[in-house]
Amino acid sequence: MPPTNNPKVRQAARRTLAKLGVADPYTEDDVIELVGYLDHPSWWVRLNAIKGIAALKDKRAADPISRLLLDEDDTVREAAREALAALNHKGK
């Protein structure tokens, strides 16, 4: 089943993982892999990497995402702006 963007489903998943003792569902290797996709030649892959990294809601994601503010693709640049705004808004 593909991942969902439904916030209620994501909240339920986080609560379930917390009950199971999984505080961070992403390993360091997962994060490194996602960051690596930010340099992919496909705009679509870069776009989805931004979304995946931003979903972590970790301020450390700001640096790798900020590099894409100058991306050649408008969609990627906009996604980077949105992700950075969301990360700054969370204050985490």
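Now for a description of the structure that goes with this document. (Residues numbered from 1 in each chain as written. Predicted model: local features only at pLDDT ≥ 70, side-chain atom pairs only at ≥ 80, totals over all residues. Heavy atoms only, no water.)

What to know about the overall build of the chain
In terms of regular secondary structure, the chain is built from 5 helices and 0 strands. Ordered by position in the sequence, the α and β elements of the chain form the string α-α-α-α-α. Scored against the burial criterion, the 92 residues of the chain give a buried share of 26%. A fraction of 49% describes how many contacts in the chain between residues 6 or more apart in sequence connect residues 24 or more apart. Total accessible area on the chain stands at roughly 6,800 Å², and carbon and sulfur atoms take up 57% of it. (Helix = DSSP H or I, 4+ residues; strand = E, 2+ residues; numbered from the N terminus. Buried < 20%, exposed > 50% of the residue type's maximum accessible area, 1.4 Å probe, protein only. Contact = heavy atoms within 4.5 Å. Areas by Shrake-Rupley, 256 points an atom, 1.4 Å probe, with all protein chains shown as cover.)

A closer look at helix α3 (residues 43–54)
Because each turn of an α-helix spans 3.6 residues, side chains separated by three or four positions end up pointing in the same direction. Across its 12 residues, α3 extends 16 Å between first and last C-alpha, which sits within 8% of the 16 Å expected from 1.5 Å per residue. Where α3 is concerned, the buried positions are Val45, Arg46, Leu47, Ala49, Ile50, Gly52, Ile53 and Ala54. (Expected span 1.5 Å × (residues − 1).)

Quick notes on the pattern of salt bridges
Across all of its chains, the model carries 4 salt bridges by this definition. A salt bridge links arginine 67 to aspartate 39; the shortest N-O distance between them is 3.6 Å. With arginine 67 in the loop between α4 (62–66) and α5 (74–90) and aspartate 39 in the loop between α2 (28–36) and α3, this pair connects stretches of sequence that are 28 residues apart. Its relative accessible area of 56% is what places aspartate 39 among the exposed residues. Linking glutamate 78 and arginine 81 is a salt bridge whose minimum nitrogen-to-oxygen distance equals 3.0 Å. Of this pair, glutamate 78 and arginine 81 both sit in helix α5, separated by 3 residues, roughly a single helical turn. The class for arginine 81 is partly exposed, based on a relative accessible area of 40%. (Salt bridge = Lys/Arg side-chain N within 4 Å of Asp/Glu carboxyl O.)

With respect to the nonpolar core
Judged by nonpolar contacts, the single largest core of 17 residues is most densely connected at Leu38, Ile50, Ile53, Ile65 and Leu68. Elements with a minimum of two residues in this core: α3, α4 and α5. In terms of residue count, α5 provides more of this core than any other element does, 6 residues in total. Residues within four places of leucine 38 in sequence aside, it is in contact with Arg46, Ala49, Ile50, Ile53, Pro64, Ile65, Arg67 and Leu68. (Core = buried A, V, L, I, M, F, W, Y, C linked by side-chain atoms within 4.5 Å.)

Brief notes about the side chain of arginine 46
Relative to the helices and strands, arginine 46 is located in helix α3. Only 2.9 Å separates the side chain of arginine 46 from the side chain of aspartate 71, close enough to count as a polar contact. (Polar contact = N/O pair within 3.5 Å; in protein donor to acceptor, adjacent residues only side chain to side chain.)

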